[in-house]
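Residue strings, one per chain:
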Amino acid sequence: RFSRSSESTPETAAPSTQSGVKVKDAVIGGGRNVRVSLYPREGSQAMAELAVREWIPVEGSPDKVRLTEPEIRMFTRDGHGLRATAREGLVSGQIKQGGFGIERGSLFGEVLIEYDRLSREERANLPGGPGDPIDPSQIVRIETERIEFDREYGKVVVAGRRLDS
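Source: prediction; values computed, not measured.

A. Structural detail: the pairing of strand 12 (residues 155-158). In terms of strand pairing, strand 11 (residues 139-150) meets strand 12 through four bridges, oriented antiparallel. If you follow Glu-148 over to strand 12, its bridge partner there is Val-157.

If you want it as structure tokens, here you go:
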């Protein structure tokens, strides 16, 4: 399930007849400066957050959305921070328990993935506290033109190389 917030101004407000991803009796239309928080089936802490400059439903598709300047922030199962940015993206999902769950997609155009070598627990135990800057040597950076992911099958493909979880 997810929650969504976006800027709503006369220029960005979606018309009521706009196509979009249908969830129950509602339609998730396009928007600008959209932030989507992804939640597990149970619990109240978000697993990941997706922020985009533009969220554009693909016309004629009930489950695909084009993204402009996506940024994904999340923690891996073992507590390592991960951030991915790109120029564009395309995601698809399924309607689950009254919400839209992103299942698979791709990011393309100047993709940057940053992975924190230290887990949340390890970072919390560092002297100085959480406000201290992160040592750049603790961040693994991967630059590529395209990545594909599939949450259902637990795989990520980076420039032709498959990474299984």
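B. Region of interest: the pairing of strand 8 (residues 80-85). Across five bridges, strand 7 (residues 71-75) lies against strand 8 in antiparallel orientation. The partner of Phe-75 across the bridge, within strand 8, is Gly-81. Once strand 7 ends, the chain turns through four residues before running back antiparallel as strand 8, passing Gly-79 with a positive phi of about 90°.

C. Broad picture of the pattern of salt bridges. Overall, the coordinates contain twelve salt bridges when judged by the stated rule. Because the salt bridges share partners, they merge into one network encompassing Glu-71, Arg-73, Arg-83, Glu-114 and Arg-141.

D. Looking closely at the confidence of the model for the protein chain. Taken over all residues, the pLDDT of the protein chain has a mean of 78, while the share at 70 or more is 73%. At the level of individual helices and strands, the protein chain shows its lowest average pLDDT in strand 1 (residues 2-7), which scores 47, and its highest in strand 6 (residues 64-68), which scores 92. Contacts of residues 1-17 to residues separated by more than four positions or lying in other chains number 35 contacts, the stretch itself having pLDDT below 50.

E. Spotlight on the environment of Arg-73. By secondary structure assignment, the location of Arg-73 is in strand 7. For Arg-73, a relative accessible area of 44% gives the class partly exposed. A C-alpha to C-alpha distance of 8.9 Å links Arg-73 and Met-47, two positions 26 residues apart in sequence. Apart from the residues within four sequence positions on either side, Arg-73 is in contact with Ala-48, Glu-49, Leu-82 and Arg-83.

How each quantity is defined
- Residues numbered from 1 in each chain as written.
- Predicted model: local features only at pLDDT ≥ 70, side-chain atom pairs only at ≥ 80, totals over all residues.
- Heavy atoms only, no water.
- Pairing = 2+ DSSP bridges.
- Helix = DSSP H or I, 4+ residues; strand = E, 2+ residues; numbered from the N terminus.
- Salt bridge = Lys/Arg side-chain N within 4 Å of Asp/Glu carboxyl O.
- pLDDT = per-residue confidence, 0-100.
- Contact = heavy atoms within 4.5 Å.
- Buried < 20%, exposed > 50% of the residue type's maximum accessible area, 1.4 Å probe, protein only.

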